Structures are given as structure tokens and as C-alpha cells.
Amino acid sequence: MSDHLKRMVAPASWRLARKENRFVTKTRAGPHNGGALPMAVLLRDRMNLARTMKEVKLILSQRSVLVNGRPCRDPRMGVGIFDIVAIPKMDQYFRILLDKKGRIVTVPIDAEAAKTRLARVRNKTVMKGGRVQLNLDSGANVIGDHSVKSRDSVILSLEPDNRFEILDHFPFAVGNMAMVFAGRHAGRIGRITGIITVPGATPNRVTLEDANDGTPFETIDEYCYMVGRETPAIASWGIEA
């Protein structure tokens, strides 16, 4: 299978110049899958820190780029929503978010903000001894408790001494704030006003009110990423609701 993708069919969220070159690097299979941005594209095409793939590989070989606190050495590794990308040697830190049009943006943050990240709970497993393991959409597994459920979000510490310790969590519940990360409403933030359970294999529906103008809209539960309770915590992370 090819490691490259034609730019004309690359996801619109990547915001690439379509006709400058014919191909672009594909994302290696990982937790974010289709919505992720390859590290090579991020460094070369979006952040202008490299001009060629050779330069990208040189930067990564020096362990200069951290993703969620760990060095990234794979130019095809995908970075997705709420990932923390840090370049300590340049004192630069970024949070990966979506803008109002559902496009991936890199929002500059300070070193203190880069010590935590938001992660969505995909599912959970009860382990031996009754301990609860939370399986996150970022591919990580952390030990939690029974109060955290699937589709909730947790705030994790990225500091080496207490890496992936749960600092807070936002339940998937009516009244709380969610960001839609896929579908026609990708990038919108709103308050959940209702969760409609649909029998069978059809996804459950979620109704929301836009955080800006109160306009109602609807999506499916799989597309909701919890970002706060009374107010969206994301507003303090460098991008407006």
C-alpha cells in the first residue's frame, strides 16, 4: 500500500495547497485515523518548520517534537483534536483544535497549558480486583473509577511525575457543553439539550444549542466531544466557541 495520497483527495480539514504538488504523505493507522494530520504535513506545510521530508525526518530524529509529552519520531504519525504538540527547544507549544468550519488548526499555548490535555473515553473495562480501565480515543489506557462513562471526557496530566493522572472530567449529559468533531456540524460548540436513544444499530441522536447564538442543531452521539459543564473550557484554550 502506498505511503502517499493525492493532494486533490486529501481531507479538507488539512487545508493543503492542492496544485503545488501532486502527492502528500498519508497518516499511518492510529487512534485518530481519518481525521488526523500527519506530523510531516504539520511541520512542513502548516508550521513551515521544514521544507522537505528529509528535514522533517532530521527534526524528528533529534526527538525535538513531543506529542502529548512523548517524542514523536514517525513523520506519518497522526495528530488530532486536543493533542498537545510541544517543541521545547523553541519554547513553542500548540493544542490541535477545530475551527468553526471543521478545519484542523494549531493554537499556540503556553508551557503551563501544555501540561494537560483533554481526552474522550471510548469505552471502559473492569479489570481484576474491580479496577476500572478507561480506554481513550488517543489510544492510551488509564485507571479511573465507575463515575466516568463512555463518551465522557477527562482532563489528563502530561507531567512526567503524574503522567495521565485524571485531574477532572466532563460527563456526556444534558446541560453540559460539547464540541462536534465530525459530520456537517464539525467545529461547532453547543450545550446538549437532549439525548435521544434510538433502538437498534442506528446511532443515538443528540440535540444541542449553539454556544454563540442559541441556534438548535442535531448530530449523533459518536460525534460529540465533551468540553465543559456550564461553560466550554475550550474558550480559554485559544479559540472561540
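About the cut-offs
Residues numbered from 1 in each chain as written. Predicted model: local features only at pLDDT ≥ 70, side-chain atom pairs only at ≥ 80, totals over all residues. Heavy atoms only, no water. Pairing = 2+ DSSP bridges. Helix = DSSP H or I, 4+ residues; strand = E, 2+ residues; numbered from the N terminus. Salt bridge = Lys/Arg side-chain N within 4 Å of Asp/Glu carboxyl O. Buried < 20%, exposed > 50% of the residue type's maximum accessible area, 1.4 Å probe, protein only. Phe/Tyr/Trp six-rings, centres within 6.5 Å; stacked < 30°, edge-to-face > 60°. Lys NZ or Arg CZ within 6 Å of the ring centre and 35° of its normal. Lys, Arg positive; Asp, Glu negative; His and termini not counted. Polar contact = N/O pair within 3.5 Å; in protein donor to acceptor, adjacent residues only side chain to side chain. Contact = heavy atoms within 4.5 Å. Axes fitted to C-alpha atoms, helices over the stretch in contact; angles between N-to-C directions.

Q: Would you explain the sheet that holds strand β8 (residues 92-98) in this entry?
A: Hydrogen bonds between backbone groups are what pair the strands of a sheet, and the pairing can be parallel or antiparallel. As summarised here, the arrangement of the 5 strands in space is β5-β4-β7-β8-β9, forming an open sheet in which the pairing is antiparallel. One side of each edge strand has no neighbouring strand; the edge strands of this open sheet are β5 (70-71) and β9 (104-109).

Q: Hey, could you run me through the pattern of salt bridges in this one?
A: Opposite charge on two side chains permits them to pair, given that their charged atoms come into close proximity. Tallied over the full model, the rule gives 11 salt bridges. Two residues, E222 and R120, come together in a salt bridge whose shortest N-O distance is 3.5 Å. Here E222 is found in the loop between β18 (216-220) and β19 (224-228), whereas its partner R120 is found in strand β10 (residues 116-126), with 102 residues between them in sequence. On the basis of relative accessible area, E222 is assigned to the partly exposed category, the value being 36%. Using a relative accessible area of 5% as the deciding quantity, one classes R120 as buried. Each of R120, R151, D221 and E222 takes part in salt bridges that share partners, so that together they form one network.

Q: Just to check I follow, could you spell out the pairing of strand β13 (residues 153-157) for this structure?
A: The side chains of a regular strand alternate between the sheet's two faces. The element β13 is extensively covered by neighbouring structure, given that 5 of its 5 residues are classed as buried. Judged by which residues are buried, β13 turns out to be covered on both faces: S153, I155 and S157 on one side and V154 and L156 on the other are all buried. Where β10 meets β13, 5 bridges bridge the pair, whose relative direction is antiparallel. Its bridge partner lying in β13, R117 is registered against L156. Both β13 and strand β14 (residues 166-170) contribute to a ladder of 4 bridges, which runs antiparallel. Bridged to S153 within β14 is F170.

Q: I tried to follow the packing of aromatic side chains on my own but got confused; where do I start?
A: The relative placement of two aromatic rings is captured by the distance of their centres and the angle of their planes. Going through the model one piece at a time under the given rule, you end up with 3 aromatic pairs. Both rings, one in F82 and one in Y225, keep their centres 4.6 Å apart while their planes meet at 50°; by these two values the pair is tilted. With a gap of 143 residues between them, F82 in the loop between β6 (78-79) and β7 (84-87) and Y225 in strand β19 connect regions that are remote in the sequence. Both rings, one in F181 and one in Y223, keep their centres 6.4 Å apart while their planes meet at 70°; by these two values the pair is edge-to-face. With a gap of 42 residues between them, F181 in the loop between β15 (177-180) and β16 (189-196) and Y223 in the loop between β18 and β19 connect regions that are remote in the sequence. By relative accessible area, which is 28% here, F181 ends up partly exposed. The rings of F82, F181, Y223 and Y225 are connected pair by pair, giving a single aromatic cluster. Above the ring of F164, the side-chain terminus of R163 is found at 4.3 Å from the ring centroid. Looking at R188, its charged tip hangs above the ring of F217, at a distance of 4.0 Å from the centre.

Q: Which parts of the structure should I look at to understand the side chain of R95?
A: Mapped onto the elements, R95 comes out in strand β8. Within the buried set, R95 has no salt-bridge partner at all; the shortest N-O distance to an opposite charge, 7.2 Å, is to D110. Polar contacts involving the side chain of R95 include one to the main-chain carbonyl oxygen of A113, which spans 3.4 Å.

Q: Help me understand the side chain of N135, please; the structure alone is not making it clear to me.
A: Inspection of the secondary structure puts N135 in strand β11 (residues 132-136). When its relative accessible area of 12% is taken as the criterion, N135 is described as buried. Engagement of the side chain of N135 in a polar contact is seen with the side chain of T125, the distance being 3.2 Å. When near neighbours in sequence (up to four residues on either side) are disregarded, N135 contacts R120, V121, R122, N123, K124, T125, A140 and N141.

Q: Any chance you could explain the sheet that holds β18 here in plain terms?
A: Read from one edge of the open sheet, 5 strands run β18-β17-β16-β15-β19, paired in antiparallel fashion. Edge positions in the sheet fall to β18 and β19, since each of these pairs with one other strand and no more. In this sheet, adjacent strand axes meet at a mean angle of 45° when their direction is disregarded. Relative to β19, β15 runs antiparallel, the two being bridged by 4 bridges. What sits directly across from M177, in β19, is G228.

Q: Explain unusual backbone geometry here, please?
A: Peptide bonds are trans in most cases, and residues, glycine excluded, mostly fall at negative phi. The phi dihedral of N48 is positive, around 55°, even though this residue is not glycine. Assessed through its relative accessible area of 63%, N48 is described here as exposed. Residues other than glycine seldom take positive phi values, yet F164 does so here, at roughly 65°. Take F164: it is sitting in the loop between β13 and β14.

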